[in-house]
Each structure stands twice: as structure tokens, then as C-alpha cells.
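Understanding the architecture of this molecule
One letter stands for each residue in the lines below.
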Amino acid sequence: MIPVSDLLVVVWYAAVAAVGVAAAGLALLHRLGGRSIAVQLGLVGVATVLATVSGIVVITFMMVLNDHDQAVVLAVVAASGAVATGVSVLLGRRLVAANRVLVTAVRTDPYRVPGTRLPAELAELARELDDAYRRLDEAHARERVLESSRRDLVAWVSHDLRTPLAGLRAMAEALEDGVVSDTATVARYHGRIRVEVDRLSEMVDDLFELSRIHAGALGLSRRRVGLQDLVAEVVAGTEALAKAKGVRLWGDVRGRTPLEVDAGEMERALRNLVVNAIRHTPADGAVEITGEVDEGMACVTVADACGGIPEADLPRVFEVAFRGESARSPGGGAGLGLAIARGIVEAHSGQIGVTNAGGGCRFVVRLPLMP
């Protein structure tokens, strides 16, 4: 049995030889950090084999062996090292081939997850790339839709501004040139100028509100408020418009429903829905506002008698400046009311949608209840 002291000496020399080879391998690996992964993997394999072989070789020469035994040990070690090195190189080439498959897939338009079996890490990377490309495509699609909405907004706002501005200029010139002088006509012109200025101011306010929503700068001053109070304020604020058009307007909220919202912004969102419903409801029609608790959320429904919206247009109702061909008429606004309503509701972590029902439209707003 080998003495412990001799065993420690053997372990010491074998460790020193292995550490020396490993240190040299790490230094060389650092210098080759930018080379192919196959070269680096081959170097790791060679360094590992040499670290093992070096210890065996040192111990072989330290031990009292005849020339024949030393030759046999060295030959076996050399053969094993060569085979191990070859295996490392083959593994490196396989990994490089898998990497090339992934690179080819990335360079292909559109990107598809390679059907070839890949190592687990590269397969995970391929799946992450597929997810990243999918999100990028969705972002591009949203960007195209937004850009189209912006173009429509500019075109439609320009259209809606041209008519009142032309009327204001004509009335101002008539008053300035003395074309109209009787008191009744002058008073009527002054009243009409005031109406058009208010309308233009409303459009500017809508544009400013929409820009705040899109910029994420819509500051909310939340406070406890009852859904009954919100609906009552909206009905009171739109009752005159409904009476002027001959539309019946009423609201009803079942039970007490506390919310924590920005009362001013939420009233604006609901008022936009009600005003839109009144504008598109014919005389002698009715607009109903109901509130209730549904599936743990406050639910406000605005139902009108507009005759319904074409199914193809339903997904676009809340887009910026979308009004439909039949709504392009002076006095119809810039088509921002529903987009603003959606922005305000979503800023409150709520949901808004529209469906056709009962010969008209049903706009539904769902808001979280106060904790």
C-alpha cells in the first residue's frame, strides 16, 4: 500500500501540472474570445484533455517504471487524448452548424422557427426571436394604423375647419364693409360668430385632450364618486341638446355604486358617448343611460336609436377621426369624441366597447369598483 506521504506528493505534482495547463488554456481562450465558438469549444476540450494527460505523464515519469511500461502508458494516454480532442472538435462543428441554421432563419424574410433540431439553448433563442419578430410585426401594424389615423385626422379637421372659418370671414367682412346694417341682422351675425367660435374652441380642446392621452400625460385626480352622480351630471349637461333635437333622454343607475375616478375626465368620456348618441338618433328617438354592477365591475350602457353601425365599421369606431362616410357633415365634430372617451376609460383601467342592438348601438363602459 502506498504511503500517505508518497500519495500526497503524487497528488501535488499532478495538480501542479494540471493547473499549469489549465491556466495556459484559459489565457489562450481569453485571447481567442472573438473567434468561432467551434474554435473555443475545441480549445476547451484540448485544455481539459491536456490537463488530465499532463498529470498522468508527470506521475509516469516520477514512478519507477521500466521503459516498456512507460511507453505503454504514454501510448494509451496519447490515444485517449486524441480521441477526446476529436470528439470536442466534432461537437464544436455540430454547434456551429446549428448556429448557421439559426442565422439563416434570421436572415430569411419572414422569420420562421427552424424545423431542424437545435440544442436546447439555441432552440430557446429561436423561440424568443420568433416572439420578438411577432411583437415587432404587431408594433409595425399599430404604427401603420396610427399613421393612417393621423392622416385622416389632419384631412378631416382641415375639412371641418374650412367651413366655419369661411363663414366667419364672410360675416366679418359683411360687418366691416357695412353690407349689413340693420340691428336684427347684425345681432344675428354676432350670435352666429359666437357659435362658430365656440365650436372651433371645442375642436381645439378635443385635439389638446387627445394629444395628452396619446402622450401619456393625462393626469388623473382620483376621488370617491358615485356612479349615480356621474350619470346625473351627464344627463343634466346633455339634456338641452336632446330637447333641441327632439330626442328623449333618461338615465338610471341601479343601487349605489362607488367609484374612484377623476370625475371631470370620466364625465367628459360619458358625455362624449351621450352626445354622439343624440347626434345620430332621429327626432322622437330615445337615448338611454343605465348603470349597474356586472361581474364585479361598474357597467355604464349608452343605448341609442341610430339604426346601427355597419359590422365592418364596428372595430374602427374608436379610432382617431373615424366617423363613417355618412357622418361627414358640418356640425358633426372632428370625429375625436369616441377616441377621447376610449383614452379616458383605458386610463382608468377600464374597458369600452360597442355593439348593434335593438335598432341602434349600445356603448358599454366597464370600470373597476372602488376597493
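An account of the accompanying structure is given in this report. (Residues numbered from 1 in each chain as written. Predicted model: local features only at pLDDT ≥ 70, side-chain atom pairs only at ≥ 80, totals over all residues. Heavy atoms only, no water.)

1. Some details on the overall build of the protein
- Within the protein one finds eight helices and seven strands.
- For the protein, the proportion of its 371 residues judged to be buried stands at 35%.
- With an accessible surface of roughly 22000 Å², the protein has 58% of that area assigned to carbon and sulfur atoms. (Helix = DSSP H or I, 4+ residues; strand = E, 2+ residues; numbered from the N terminus. Buried < 20%, exposed > 50% of the residue type's maximum accessible area, 1.4 Å probe, protein only. Areas by Shrake-Rupley, 256 points an atom, 1.4 Å probe, with all protein chains shown as cover.)

2. Observations concerning the side chain of Asp206
- With respect to the secondary-structure elements, Asp206 resides in helix H5 (residues 183–214).
- A distance of 2.7 Å separates a polar atom in the side chain of Asp206 from a polar atom in the side chain of Arg268. (Polar contact = N/O pair within 3.5 Å; in protein donor to acceptor, adjacent residues only side chain to side chain.)

3. Structural notes on the packing of aromatic side chains
- For the structure shown, the criterion picks out two aromatic pairs.
- When the centroid spacing of 5.0 Å and the interplanar angle of 15 degrees are considered together, the rings of Tyr111 and Tyr133 count as stacked. One end of the pair, Tyr111, is in the loop between helix H3 (67–107) and helix H4 (120–177); the other, Tyr133, is in helix H4, with 22 residues separating them in the sequence.
- Look at Phe318 and Phe363: their rings are 6.0 Å apart centre to centre, the planes differ by 90 degrees, and that puts the pair in the edge-to-face class. Of the two residues, Phe318 is situated in the loop between strand E5 (297–303) and helix H8 (337–347) and Phe363 in strand E7 (residues 360–368); the sequence distance between them amounts to 45 residues.
- We classify Phe318 as buried; its relative accessible area is 7%. (Phe/Tyr/Trp six-rings, centres within 6.5 Å; stacked < 30°, edge-to-face > 60°.)

4. Some thoughts on the pairing of strand E6 (residues 351–357)
- As judged from the seven bridges shared by E6 and E7, these two strands associate in the antiparallel manner. Bridge pairing in E7 links Thr355 to Arg362.
- A loop of two residues connects E6 with E7, the two strands running antiparallel in sequence, and Gly358 in this loop sits at a positive phi of about 60 degrees. (Pairing = 2+ DSSP bridges.)

5. Notes on H5
- Look at H5: 47 Å from first C-alpha to last across 32 residues, which is about the 46 Å you get at 1.5 Å a residue.
- Those residues of H5 that fall on the buried side of the exposure criterion are Thr185, Val186, Tyr189, Glu196, Arg199, Leu200, Met203, Asp206, Glu209, Leu210 and Ile213.
- Looking one or two residues beyond H5, the residue adopting positive phi is Gly216, at roughly 70 degrees. (Expected span 1.5 Å × (residues − 1).)

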